[in-house]
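As a plain string of letters, each chain reads:
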Amino acid sequence: MAASSPASLLLQKQLRDLMKNPVDGFSAGLVDDSNVFEWNVTIIGPPDTLYDGGFFNAVMSFPPNYPNSPPTVRFTSEMWHPNVYPDGRVCISILHPPGEDPNGYELPSERWTPIHTVESIVLSIISMLSGPNDESPANVEAAKEWRDNRDTFKKKVGRIVRRSQEMM
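By the naming in an unreviewed UniProt entry, the protein chain goes by E2 ubiquitin-conjugating enzyme and is assigned to Zingiber officinale. Note on the protein chain: under the UniProt heading Sequence similarities (unreviewed entry), the record states "Belongs to the ubiquitin-conjugating enzyme family."

Moving on to the UniProt feature "active site" (unreviewed entry) in the protein chain. Under the feature "active site" (unreviewed entry), the UniProt entry names Cys91. As for its position among the elements, cysteine 91 is in the loop between β4 (72-75) and α2 (118-130). In this structure cysteine 91 touches Asn83, Tyr85, His96 and Ala138, once residues within four positions along its chain are discounted.

One can find asparagine 83 in the loop between β4 and α2. When its relative accessible area of 4% is taken as the criterion, asparagine 83 is described as buried. There is a polar contact of 2.7 Å between the side chain of asparagine 83 and the backbone oxygen of asparagine 133. Apart from residues lying up to four places away in sequence, asparagine 83 is in contact with Arg89, Val90, Cys91, Met128, Pro132, Asn133, Ser136, Pro137 and Ala138.

Enumeration over the complete set of coordinates arrives at eight salt bridges. Notably, a salt bridge pairs arginine 111 with glutamate 106, separated by 2.6 Å at the nearest N-O pair. For the pair arginine 111 and glutamate 106, one class covers both residues: buried. Across the pair aspartate 134 and arginine 147 runs a salt bridge, and its minimum N-O distance is 3.8 Å. In this pair, aspartate 134 is assigned in the loop between α2 and α3 (140-148) and arginine 147 in helix α3, connecting sequence segments 13 residues apart.

Time to look at the layout of surface pockets. Its volume calculated, the largest pocket comes out at about 430 Å³. Cys91, Ser93, His96, Glu106 and Ser136 are the residues nearest the centre of the largest pocket, which is lined by 18 residues in total. Of the residues that constitute the lining of the largest pocket, the class distribution is six nonpolar, seven polar and five charged.

Next up on the list: the sheet that holds strand β2 (residues 35-44). With respect to topology, four strands assemble into an open sheet ordered β1-β2-β3-β4, the strand pairing being antiparallel. Since the sheet does not close on itself, it has two edges, and those belong to β1 (26-32) and β4, each with one partner. In this sheet, adjacent strand axes meet at a mean angle of 30 degrees when their direction is disregarded. The pairing of strand β3 (residues 55-61) with β4 spans four bridges and is classified as antiparallel. Within the sheet, the bridge partner assigned to valine 59 lies in β4 and is arginine 74. Relative to β2, helix α1 (residues 6-20) is tilted by about 35 degrees, and along the sheet it contacts β1 and β2.

Both β1 and β2 contribute to a ladder of six bridges, which runs antiparallel. Among the inter-strand pairings, aspartate 32 is bridged to a residue of β2, identified as asparagine 35. Linking β1 back to β2 in an antiparallel pair, the connection comprises two residues.

With that settled, consider the UniProt feature "domain: UBC core" (unreviewed entry) in the protein chain. Residues annotated by UniProt as "domain: UBC core" (unreviewed entry) correspond here to residues 6-166. A distance of 40 Å separates the end C-alpha atoms of residues 6-166, which is 34% helix and 17% strand.

Under the counting rule described, the total for this entry stands at five aromatic pairs. When the centroid spacing of 6.1 Å and the interplanar angle of 75 degrees are considered together, the rings of tyrosine 51 and phenylalanine 56 count as edge-to-face. Phenylalanine 56 matches tyrosine 51 in its accessibility class, with the two residues each being buried. Feature note: the residues Trp39, Phe62, Tyr66 and Trp112 constitute an aromatic cluster, connected by ring pairs. The ring of tryptophan 146 is capped by arginine 150, whose NZ or CZ atom sits 3.5 Å from the centre of that ring.

Procedures and definitions
Residues numbered from 1 in each chain as written. Predicted model: local features only at pLDDT ≥ 70, side-chain atom pairs only at ≥ 80, totals over all residues. Heavy atoms only, no water. UniProt positions renumbered as here; feature names shortened; annotations may be inferred. Helix = DSSP H or I, 4+ residues; strand = E, 2+ residues; numbered from the N terminus. Contact = heavy atoms within 4.5 Å. Buried < 20%, exposed > 50% of the residue type's maximum accessible area, 1.4 Å probe, protein only. Polar contact = N/O pair within 3.5 Å; in protein donor to acceptor, adjacent residues only side chain to side chain. Salt bridge = Lys/Arg side-chain N within 4 Å of Asp/Glu carboxyl O. 1 Å grid on protein atoms, 1.4 Å probe; cavity = no way out; pocket = protein on both sides within 12 Å on 5 of 7 lines; lining within 4 Å. Points joined across faces, edges and corners; volume = space filled by probe spheres on them. Nonpolar A, V, L, I, M, F, W, Y, C, P; charged D, E, K, R; others polar. Pairing = 2+ DSSP bridges. Axes fitted to C-alpha atoms, helices over the stretch in contact; angles between N-to-C directions. Phe/Tyr/Trp six-rings, centres within 6.5 Å; stacked < 30°, edge-to-face > 60°. Lys NZ or Arg CZ within 6 Å of the ring centre and 35° of its normal.

Laid out in structure tokens, this is it:
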């Protein structure tokens with residue numbers, strides 16, 4: 001992808017903005033300085049949640065037609081959450097392609113729109129960590145445990161948080 005494509009120029013601007021005005025709760029940078037379409041993101045577990053104090057790494061991959069299509073986000077750190085697939089992919093409405101939901105679960109207004117930025121995406125992921133949606137889970141086992149065995153869920157997340165702190 002040429003360095004002067006509209007998508008790459010927008011991503012370069014969003015990266016510069018985040019460097020100049022960091023946002024509490026996460027940091028972001030490029031996986032490789034030669035590719036503005038792949039970002040490393042570190043999310044700090046939100047205060048007063050089960051993930052409080054954890055450090056969770058993810059890769060955000062942007063399509064060539066960004067911002068018309070959403071990026072994908074995949075945790076590379078261990079994560080146990082109803083809205084994170086076992087392979088680490090994040091499943092939240094704003095990361096779903098724009099338009100009608102083929103399954104009828106989401107309104108078009110809840111899905112991706114080009115007004116979203118890296119900041120709004122990561123803030124949505126932080127919000128997801130604060131309040132899992134177990135109605136349409138990406139990780140059925142995590143959702144079942146969240147609903148039916150909250151103590152076991154809390155212990156598992158606590159171990160993940162401790163391991164993430166040891167990795168830093």
